[in-house]
Each structure stands twice: as structure tokens, then as C-alpha cells.
Amino acid sequence: MLIGVIADDFTGASDIANTLAKGVQPEGLLRTAQYPGVPTAPADPSIEAGVISLKSRSAPVQEAVRDSLDALVWLRAQGCKQIIFKYCSTFDSTPAGNIGLVADALAEALEATGVVVCPAFPTTGRTVYQGHLFVGDTLLSESSMQHHPLTPMTDPDLRRFLRLQTTAGVGHIPLSIVSQGVEPTRDAINGATDRYVVADAVSDADLLTLGAALSDAKLITGGSGIALGLPRNLIVGRKPDARVADAVHVSGPEAILAGSCSGATRGQVDLHAQAHPTLAIDVPGVMAGRVTVETLVAFYDANQGRAPLAYSSGSPDQVLALQSRFGREAVAEKLDNLFADTAKTLVSKGYRRIVVAGGETSGAVAQAVTEALGAAAMTVGAEIDPGVPILTLGDGESVVLALKSGNFGAPDFFAKALRMMEGQS
Ligand SMILES: Nc1ncnc2c1ncn2[C@@H]1O[C@H](COP(=O)(O)OP(=O)(O)O)[C@@H](O)[C@H]1O
Ligand SMILES: O=C(O)[C@@H](O)C(=O)COP(=O)(O)O
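Residues numbered from 1 in each chain as written. Chains lettered and ligands numbered in written order. Predicted model: local features only at pLDDT ≥ 70, side-chain atom pairs only at ≥ 80, totals over all residues. Heavy atoms only, no water.

A. Representation of the overall build of the chain within the structure. When helices and strands are counted, the chain shows 16 helices and 18 strands. A compact globule built from 425 residues would reach a C-alpha radius of gyration of about 22 Å, and the chain, at 20 Å, matches this within 12%. Taking the principal axes of its C-alpha atoms as reference, the chain extends roughly 60 × 45 × 35 Å. Among the 425 residues that make up the chain, the fraction classed as buried is 58%. Considering only intrachain contacts with a sequence separation of at least 6, the fraction spanning at least 24 residues in the chain is 75%. (Helix = DSSP H or I, 4+ residues; strand = E, 2+ residues; numbered from the N terminus. Rg over C-alpha atoms; globule rule 2.2 N^0.38 Å. Buried < 20%, exposed > 50% of the residue type's maximum accessible area, 1.4 Å probe, protein only. Contact = heavy atoms within 4.5 Å.)

This is the structure we're talking about:
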């Protein structure tokens, strides 16, 4: 294994696994596997990039640090010389953690300084300029992320926000340096005296410059974009879309589960509802035990072949009202468990195509499904939309998953994902 990724959630893990597996034309891609949690056995020796999916974004900080260090130990035992700590392109965290504290633990273990911090993912509109994070043409704090149910993001200055999470120094590499090219950028990284340097990047070209400048870095932190230029440092000349040719095409029973309340997901739910059966999950009913796994499974069973979607997604006002009535964590835990247990039941009944929206929701579902099927790794297949690949579990009678970050995907993502899983475009 050449490069290892510690991802703080499951959708983020499949996002960066997609980047590493896709490669950048004309050179290379890495043979990539995504693992649900820290594996207990050694990796398949053909794997060059190993991506460990944790649930450390929302876990208590001590648990997040412990799991990240366990992941580091496993990845280094597989031979990785370079480690990426992958967090969200919208830097999802709170003043109390977890990004800064996990990064501190990894940097200490690896004795790394000048560690790049760069959540930029320009393909999906996330750019870093003057140390500030933008979503499209708005500052992070003015985007829909200000209303996120678990990690509302209200400060766009990455340097200031990271300093709340760590006592280590936070410097900055401005775009005026990155745009000068690889050597000036490498000099700025190597000359950094702070533990962290927030790096500006507004385009894929900037990310490729950073990637080349980071060829010798022991630890890198960022969104999936920071991985764009890294495979080139490790291998050259592999056919860029080999993974698509290898993709498994799966038809059969399908289900779409949406727990994300992000703007893009709510738009996708609305569009899907115009032509497909949908079930709006009654959240107070879930909290009272009236809406259960059986309710959801009965809905999916009754609507087979028609791309059924069950969703808890609500507007910021609805989410706030539910959280103040029942408690933020209690609602999230109930819903995540409901989706996980439903997916487990569906898979045991022979459902084969599962599409999930939302990072926490995907973590709960993917963990339940991989456990139920005894799958130790997920194979990265074709890209549905930027940052979302098809993941295959097991051989032969495969089950395929799509784990969609809340804010990713085109408006018709759900129907498109199910079609692509069957091998249609
Ligand atoms: N209607 C709702 N009210 C309150 N919380 C909700 C509601 N629907 C889902 N949630 C919770 O909000 C969180 C959404 O996070 P996540 O799944 O990561 O989505 P995203 O990718 O959009 O951030 C989950 O923990 C989910 O259980
Ligand atoms: O970097 C990103 O935006 C995604 O890979 C990601 O981390 C997704 O998180 P959620 O929005 O919570 O799904």
C-alpha cells in the first residue's frame, strides 16, 4: 500500500477513494479499497490506496482521536509512507473539535510540521482563498452549512476556526505562492514553522500544484481535492478508466434512504418525488416508536421496481423544531439507527441496490450492511456524480451502494445512481 487515508466519515471516504481511483489524465490511478472501520486483517496486497472510513466527525473527541490513531497504525503496517486525514470540503466540525485534535494526534505520531490544511474541492464549488472557505460564490458561513444539524459552520476563516481546535500554530500559504508553481509552493511548505499551513486553492490546477509539492509529505489534511495530484507522485501511466471496465453491474431490488437535510439532498428528494414513490418519515412518530423498521420495509416492498425513497430530510426550521423538542443527538441517533436497521433488513431480504444520502446516515447504513454481509472492504467503481462512486460489496451475488454526501450530486442523482448500478448511463 502506497498511500493511506483516514476519513472522518463514510461519504467523505468514498469521495476521496473516488479521486484516488479515478486518477488524472494522462497519468494514473491507484488500485483503491474503502474499508468500513479499521480492518482487523492485512489488506489485499494488490491495493495501493487504502481508505479507512471512520465515524470520527461526530464522535466524542477522545474516540475520534483513538480511532484515527488505530487507523494510522494499521495503514503504516500495510506500508503507507504518506497519510491523508480526510475531512469535509466544508470543514464540518465545531469549536471543540474534531478536526484540530485528530490532526494534532496524527501530526504528533508522525512528527510532522508544515501540515497542509486544504478542504478545497473546486468541482463542487468549494474553494479556499485568503484562508477563507467559499461554497460557490458565498462564504461558508453564509452557505446552507450555517444551518447544518450537527456541525453548523459559522466562521469561514479556516485559520481562526482551526485555532479554536488546537493550540498549535496555524500559518497560511496564499494563492500568490501556489500560483507560482510547484517549487515555490514546496519551499513554502518545507519552510513552514507552524504545525499547520492553510493552503489556498481555487482550481484543480492549484490542487495539482499542491499535490506535486507534497510528494514527500508524511501527513496531509484536506478534502478529496487534495488527493487529485498525489497518485502522479506514486505511479505513472496507468489507463485512467480501468475501474469502469471492471465495474459490476447489478440489478434487482432497490431502496433509497435519505437522512441528509442539506440543500442539495432536499432538492433531489423533491425532484424524485415528482415521478417516484416517496415516504416522508414522521420523525415524532419515530421518536414515539410508531414508525419503525417494519414501516419502512413495508413501503420499500410495496414499491419495488419504482425506485422508492424514504426520507427524514427537513428544512432548517423543521430540523430546529425537532431538535429542540427531542434533543439534537437523540433525534440523530434514532434516525441513524432506523436507517441502519432498515438497510440491514433489506439486504437480508435480497435487496441489492442501496442509495444513501447523508454522511452520518451513510456511516450508519454502510456499517450495518457491511457487517450483515461480512464484507471487509468495498471496491470503488464508476463515478455517478463528482465525489460519489458506486461501491461494490462481496463477490458474485454483489450488493452495490452509493454513499452520497448531503450536498453532492445533480438534481436527478437518485434515479441516475440506480440506473448506473444496473450498467446503464
Ligand atoms: N428531520 C430531521 N430533524 C433532525 N435531525 C435530522 C432529521 N433528519 C435527519 N437528521 C439527522 O441529521 C443528520 C444529518 O447528517 P448527515 O446524514 O451527515 O447529512 P449531511 O451529509 O447532509 O451532513 C443525521 O444524523 C440525521 O440522523
Ligand atoms: O468533502 C466533502 O464534501 C465530502 O466528501 C464529505 O465529507 C461529505 O460529508 P457529508 O456532507 O456529511 O456527507
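B. Highlighting the sheet that holds strand β8 (residues 138–139). Read from one edge of the open sheet, 3 strands run β6-β7-β8, paired in antiparallel fashion. At either margin of the open sheet sits one strand with a lone partner, and together these are β6 (126–129) and β8. Relative to β8, strand β7 (residues 132–135) runs antiparallel, the two being bridged by 2 bridges. From the neighbouring strand, valine 135 faces β8, where its bridge partner is threonine 138. (Pairing = 2+ DSSP bridges.)

C. Layout of the site of ligand 1. In the neighbourhood of ligand 1, 20 residues make up the surrounding shell, with His148, Ser260, Ser262, Asp336 and Glu360 lying closest. Taking serine 260, its side chain carries an N or O atom lying 2.6 Å from an oxygen atom of ligand 1. Expressed as a share of its isolated accessible area of 570 Å², the protein-covered part of ligand 1 is 96%. Elements represented by at least two residues in the shell around ligand 1 include exactly α13 (316–326), α14 (328–348) and α15 (359–373). Of the residues forming the shell around ligand 1, the biggest block, 4 residues, is contributed by α14. Here the shell around ligand 1 is composed, by residue class, of 9 nonpolar, 9 polar and 2 charged. (Near = heavy atom within 4 Å. Polar contact = N/O pair within 3.5 Å; in protein donor to acceptor, adjacent residues only side chain to side chain. Areas by Shrake-Rupley, 256 points an atom, 1.4 Å probe, with all protein chains shown as cover. Nonpolar A, V, L, I, M, F, W, Y, C, P; charged D, E, K, R; others polar.)

D. Fine view of the environment of alanine 59. By secondary structure assignment, the location of alanine 59 is in the loop between β3 (49–53) and α2 (61–77). Considered as a pair, alanine 59 and asparagine 98 are 39 residues apart in the sequence and their alpha carbons are 8.2 Å apart. With residues up to four places along the chain from it excluded, the contact list for alanine 59 reads Ala64 and Asn98.

That's the geometry; what it means functionally is another story.
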